Structure formats: structure tokens, C-alpha cells
Amino acid sequence: MLTRVLKTDKHRPSKKVLQEAAAVLKSGGLVAFPTETVYGLGANAFNENAVLKIFTAKKRPPDNPVIVHVSSMEMLNQVSTSVPRRAEKLIRELWPGPLTIVVPRSLKVPPVVSAGLETVAVRMPAHNVALGLIEHLGSPIAAPSANLSGRPSPTNAKDVYEDLNGSIDMIIDAGETFIGVESTVIQVSENRSVILRPGPIPLEILRKYLGDVEVHPSILSGGFEGVPASPGMKYRHYAPRADMIVVEGDDYERKAAKIVETVEEYLKSGLKVGCMVSEETALRLPGQVMLEALAPRNRLDLVARRIYPALRSLDRMNPDIIVAEGFPEEGIGMAIQNRLRKAAGYRILKA
Ligand code: AMP
Ligand code: MG
């Protein structure tokens, strides 16, 4: 299959591009498009066959549900029969934005979208290309991240192309995404709210609107053994090809020292070492490492933006081992830590 790449402006997308892309979706094809978080791989959410193609193209396990993207409240009411009152408040305050809400699924949504669950995950993206595409299609778009299953999510069109060229119909190239990590996923019912995936909307903000918010135990601890509330939880994710280890600790000096020491040991044993660390730590590392300096360590927003491109860049340099710096778990830091730990398959070194 030939994958067409159409360029457009991220703030003011061309009508012609949106029309062409919507036509592909209408005929049951797949289009990768930018959102504010990462690039998504979209299909018409009401077309079961089209949604099945997403799983094939990504090699995604069929028991991992995808998120449905809407551009209006009408569309939300088409995909869910009963939105809890508590969710309405979140929607009013935080949509469009990087917050996915898990609510009861309407029969209009084919079960494949939700991997057979009675619920559906919905969000309204804050990106003019994504919103424009949904509007032009006139239906919600089912879209997981536009990477091969298990690989780091794409934050630009080139990364989508690297994974999916030849297996999807079209990529809309509108440059880099704004945030760089996937949306927060929260399950909301009348009396309980549980974060299933940490993301750009932090726990602190959700607590402000909902009061009591639980964090699913799988997020902060290591490998998860229980029945997953969200099937995506059980897979190794976001992973580079090399083995990876995350060095964590509350005290920055101790952490940085541990990183340097670990790197030197690996180098001494003859390994090619990749590093993904803050700019401050980067200055302390020996010259032989394959280096990805993310951002100043107190700029977690910039760190979040750099994680996936850095993992992909390290992959291209082909190290034997990647040593990554852990970050504080506040704000978007919880999402950063969750992605790093998953990418490392929960290999964590405490400093
Ligand atoms: P991705 O689109 O690749 O960012 O992955 C979507 C993620 O959203 C899945 O891995 C799940 O964690 C979550 N998700 C989607 N639908 C549901 C649902 N109905 N219930 C719980 N979690 C969901
Ligand atoms: Mg994904």
C-alpha cells in the first residue's frame, strides 16, 4: 500500500487536506494525524472493519482498547449513553484537552473499539488538525498512538512514517505535537474516580475537581499481576530496542552520582552505553556515551516532550544498554515516570 504524506499547518490546517483525509476515513481507510499529545492512527469509530485495520497495522493485541476522539458534545452522547455527573464537570473544565474519560459504551460503538468492554474511552483533542478532521468526517475517530505496538509513541510525522509506511493510507504532517506524552486516562463513575494512565492532566488538578481520586495500583508499582482495569496496562510499552534501566532517587546529587557510576561500570565492561538524562546530569557524563540530554531537570514539561524522540534517537544509535534518569513524580512527572519505567520493563535502580 502506498502511504501518502500531506503537509499542513498545525494551527490553521488546509481545508483541502482535511477533506482528502476525511474521504479516506469515510471509505474505511486509516489516517495518521497529530493531536496535542502524540500522533494518532485514526479510523471511523463507527466502522468495525476500519477499526480492525488499526490493530493489524500496529500489530496491536486485540484486547487493548483504543480511544475515541470527538469534536462535540453531540458526538460524546453518540458514543456513551450515560455520562456521570462528575464526568460532566471534568469535561466542562478540561476539554478540549489531554484527558480521556472512560464511560459506559453505547451500542453504536462496535465492541472491537473497546476490546469487548462495556465501557468506552473518549476525549476531545486540543489540536486544530484533529478537531478539523473529526468535523470533516462528521463521526468520532477511533485512534491509538500511531506507532507499532510496543514502540515509543510518535511525536512527529517522520516517526509515524518509520513505523507505519506501507501499512496505512495517509499521514497528515503538521510538525511536532505540543505535549509529547499520551493523555491522562480516568475512569469516572458516580461515586469513584480512578486514574488508569497518568498523563498531562495531573492528579493534583483532577483532585481539585473531583475530590477523592484513586491512582490505579499498577501505575506506581512495578509489573502488574492482577486483572487489568485497562488492558493496556499489562504490556511492556514505549520501549526502545536496547535494554534500559531507570535510576531513581529523591536526592538529586546522589542520583546523578549513581548514574555516573553505573555508566562507568557499563563502559568498563565494554558495552556501548546510551544515556537519557537531564541537561545538568549530561554535563557530568564521560564523552563516550551516546547522549540524549532531555531538558533542565526542573522543566518537566520539556522533559515530557523529549522522552519519545530521545528513545527513538537512541534506538538509531544502537547502544547495548540505556541508562535513564528518573524524575520527581509531581505534575506531569507521574506520566514521565510511568513511561520511563514501562520502557525499562521496570528495571529500576534506587540511588
Ligand atoms: P493508546 O491509544 O495507544 O494511547 O492506548 C489507549 C489506552 O487507553 C489503552 O491502552 C487503555 O489503557 C486505555 N483505554 C482505552 N479504552 C479503554 C476502556 N474502555 N477502559 C479502560 N481503558 C481504556
Ligand atoms: Mg499507544
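Computed from a prediction, not measured in an experiment: that's the story for all the values here. (Residues numbered from 1 in each chain as written. Chains lettered and ligands numbered in written order. Predicted model: local features only at pLDDT ≥ 70, side-chain atom pairs only at ≥ 80, totals over all residues. Heavy atoms only, no water.)

Draft legend 1. Quick look at the nonpolar core. If you look at the biggest cluster of nonpolar residues, it comprises 69 residues, and the most contacted ones within it are Leu 90, Ile 101, Leu 133 and Ile 186. Setting aside chain neighbours within four positions, we find Leu 90 in contact with Trp 95, Leu 99, Ile 101, Ile 186, Val 188, Leu 206, Tyr 209 and Leu 210. Counting residues in each nonpolar core, the second largest holds 27 residues, with Val 38, Ile 322, Ala 324 and Ile 336 among its members. (Core = buried A, V, L, I, M, F, W, Y, C linked by side-chain atoms within 4.5 Å. Buried < 20%, exposed > 50% of the residue type's maximum accessible area, 1.4 Å probe, protein only. Contact = heavy atoms within 4.5 Å.)

Draft legend 2. Focus on the sheet that holds strand β4 (residues 67–69). Strand order in the open sheet formed by 11 strands is β1-β8-β2-β3-β7-β4-β6-β5-β9-β10-β11, with mixed pairing between adjacent strands. Every other strand in the sheet has two partners, leaving β1 (4–7) and β11 (214–215) as the edge strands with one partner each. Here strand β10 (residues 193–197) runs beside β11; their pairing, made up of two bridges, is parallel. Bridge pairing in β11 links Val 194 to Glu 214. Contacts from helix α2 (residues 48–58) reach β3 (39–44) and β7 (141–142) within the one sheet, and its direction differs from that of β3 by about 145 degrees. (Pairing = 2+ DSSP bridges. Helix = DSSP H or I, 4+ residues; strand = E, 2+ residues; numbered from the N terminus. Axes fitted to C-alpha atoms, helices over the stretch in contact; angles between N-to-C directions.)

Draft legend 3. Structural detail: helix α12 (residues 333–343). Of all the 11 residues making up α12, 11 are buried; the element is thus mostly covered by neighbouring parts of the structure. For α12, the set of buried residues is Gly 333, Met 334, Ala 335, Ile 336, Gln 337, Asn 338, Arg 339, Leu 340, Arg 341, Lys 342 and Ala 343. Gly 345, located one to two residues past α12, shows a positive phi value of around 60 degrees.

Draft legend 4. How the structure looks around helix α6 (residues 157–164). Buried within α6 we find Ala 157, Asp 159, Val 160, Asp 163 and Leu 164. The buried residues of α6 occupy one face: seen down the axis, they fall within an arc of 160 degrees. Those residues of α6 hidden inside the fold are in contact with β2 (31–34), β3, α2, β8 (170–173) and α11 (300–317). Structurally, the start of α6 carries an N-cap: the backbone nitrogen of Lys 158 is 3.2 Å from a side-chain oxygen of Asn 156. (Arc of directions from axis to C-beta. Polar contact = N/O pair within 3.5 Å; in protein donor to acceptor, adjacent residues only side chain to side chain.)

Draft legend 5. Up close: the environment of Pro 154. Mapping Pro 154 onto the fold places it in the loop between β7 and α6. Note: C-alpha distance between Pro 154 and Pro 309 (155 residues apart in sequence) is 7.5 Å. Not counting chain neighbours up to four residues away, the residues in contact with Pro 154 comprise Val 38, Tyr 39, Ser 145, Ala 146, Asn 147, Asp 159, Val 160 and Arg 312.

Draft legend 6. Representation of the packing of aromatic side chains in the model. According to the stated counting rule, one finds zero aromatic pairs in the structure shown. A cation over an aromatic ring shows up here: Arg 297 above the ring of Tyr 252, its NZ or CZ 3.8 Å from the ring centre. (Phe/Tyr/Trp six-rings, centres within 6.5 Å; stacked < 30°, edge-to-face > 60°. Lys NZ or Arg CZ within 6 Å of the ring centre and 35° of its normal.)

Draft legend 7. Region of interest: the sheet that holds strand β13 (residues 273–277). Strand order in this open sheet of five strands is β14-β13-β15-β12-β16, and the pairing throughout is parallel. The sheet is open, and its two edges are formed by β14 (290–293) and β16 (348–350), each paired on a single side. Sheet twist, expressed as the mean angle between neighbouring strand axes with direction ignored, is 20 degrees. Pairing analysis gives five bridges linking strand β12 (residues 243–248) to strand β15 (residues 321–325), with the strands arranged parallel. Opposite Val 247, over in β15, you have Glu 325 as the bridge partner. Its contacts with the sheet put helix α9 (residues 252–268) on β12, β13, β15 and β16, and the angle it makes with β15 is roughly 175 degrees. Sheet contacts for α11: β12, β13, β14 and β15; angle to β14, the most-contacted strand, approximately 170 degrees.

Draft legend 8. Seen up close, empty space enclosed by the protein. Under the defined criterion, the tally for this structure stands at one cavity of 30 Å³ or more. Put simply, the largest cavity is a space of about 50 Å³. When grouped by side-chain class, the residues that make up the lining of the largest cavity number six nonpolar, three polar and one charged. (1 Å grid on protein atoms, 1.4 Å probe; cavity = no way out; pocket = protein on both sides within 12 Å on 5 of 7 lines; lining within 4 Å. Points joined across faces, edges and corners; volume = space filled by probe spheres on them. Nonpolar A, V, L, I, M, F, W, Y, C, P; charged D, E, K, R; others polar.)

Draft legend 9. Region of the structure containing the pairing of β8. Side chains of β8 alternate between two faces, with Met 170 and Ile 172 and Ile 171 and Asp 173 buried alike. Here β1 runs beside β8; their pairing, made up of four bridges, is parallel. By the bridge assignment for β8, Lys 7 is matched with Asp 173. Of the pairings in the sheet, the one linking β2 to β8 comprises two bridges and is parallel in character. Counterpart to Val 31 in the pairing with β8 is Met 170.

Draft legend 10. Molecular detail of the layout of surface pockets. Counted as a void, the second largest pocket has a volume near 280 Å³. What lines the second largest pocket is a set of 14 residues, and nearest its centre among them are Gly 249, Asp 250, Lys 255, Phe 327 and Pro 328. Mapped onto the lining of the second largest pocket, the elements with two or more residues apiece are α9 and α12. Of the residues that constitute the lining of the second largest pocket, the class distribution is three nonpolar, three polar and eight charged.

Draft legend 11. Structural detail: the side chain of Ser 139. Within the secondary structure, Ser 139 sits in the loop between α5 (128–137) and β7. Here Ser 139 falls in the buried class, since its relative accessible area comes to 14%. The contact partners of Ser 139, leaving out residues within four places of it in the chain, are Asn 44, Phe 46, Met 75 and Ile 134.

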